[in-house]
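Below are the chains, spelled out letter by letter.
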Amino acid sequence: MRSSPAFAPTSGALRTPLFALNVLFFGYNALDARYLWAGSPPPGVSERAYAHEGAAWLTIGILLLASVVGVLFRGALAHDARARVARALAFALLAQGGVVALGTFRRIFIHIGTSGLSSLRILGVVGTTLVVVGLVQIAIKLHRRRSFWWLLRRQADAAAIGLFLLTVAPTHLLSAPLNVRRVLAHDYQALVHAEEEVKEAESAAAMLPLLDHDD
């Protein structure tokens, strides 16, 4: 598809905001490399406290990033040969979003490692996974020059599958055995989740080993 000359300034105008977003996400990923991945949080802040900061907002931020790139590269711009630089910046931004998503996964698993598993944390894992799938779908759209409606359909499919899995998955039952093992090992932080799971029919029986606890 050949674009019209009047469209060229639009593709050029995208470079500055895409470059700025890349710088912003690079700065954030650099902080995570220093404080999260290296396991050296800022002085006076525990690893758990640092991991807790903004985990949910990070997922929302990646989702917004994906939405912005998906919306910007629609219509004629998706096929404009003069938008090579803008597309390259978009690919770089998607890659940085992927790194942020990995950091979000690490934050969630730090929480699981320190205080156990819960339905909310399973939701966080599934939600972040869906965002990563969305990033990949947008990268495919840019690479194969797919339409914006193709992207919407693929993302709707992924969202429907994720919602179905969350609906049928016994999240309390999945969480209970891990939390029981933690409590039996005298790691009592997991009790905050065990108290919720003992009230659920699907996971109540899994809590029975706690009756043999030596405390």
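Residues numbered from 1 in each chain as written. Predicted model: local features only at pLDDT ≥ 70, side-chain atom pairs only at ≥ 80, totals over all residues. Heavy atoms only, no water.

A. Structural detail: the environment of R15. Within the secondary structure, R15 sits in helix α2 (residues 15-37). Between the C-alpha atom of R15 and that of V85, which follows or precedes it by 70 residues, the distance is 7.1 Å. (Helix = DSSP H or I, 4+ residues; strand = E, 2+ residues; numbered from the N terminus.)

B. Up close: helix α6 (residues 119-144). For α6, built from 26 residues, the straight-helix expectation of 38 Å at 1.5 Å per residue is met to within 8% by its first-to-last C-alpha distance of 37 Å. Taken together, the buried positions of α6 are R121, I122, T128, V131, G134, L135, Q137, I138, K141 and L142. One or two residues past the end of α6 sits R145, with phi positive at roughly 60°. (Expected span 1.5 Å × (residues − 1). Buried < 20%, exposed > 50% of the residue type's maximum accessible area, 1.4 Å probe, protein only.)

C. Summary view of a negative patch on the surface. Residues E195, E196, E200 and E202 make up a contiguous surface patch of negative charge. Inspection of the secondary structure puts E196 in helix α9 (residues 191-197). The partly exposed category is assigned to E196, whose relative accessible area is 43%. (Patch = residues over 30% accessible without salt bridge, like charges linked within 9 Å, V, L, I, M, F, W, Y side chains within 5 Å. Areas by Shrake-Rupley, 256 points an atom, 1.4 Å probe, with all protein chains shown as cover. Salt bridge = Lys/Arg side-chain N within 4 Å of Asp/Glu carboxyl O. Lys, Arg positive; Asp, Glu negative; His and termini not counted. Charge placed at Lys NZ, Arg CZ, Asp CG, Glu CD.)

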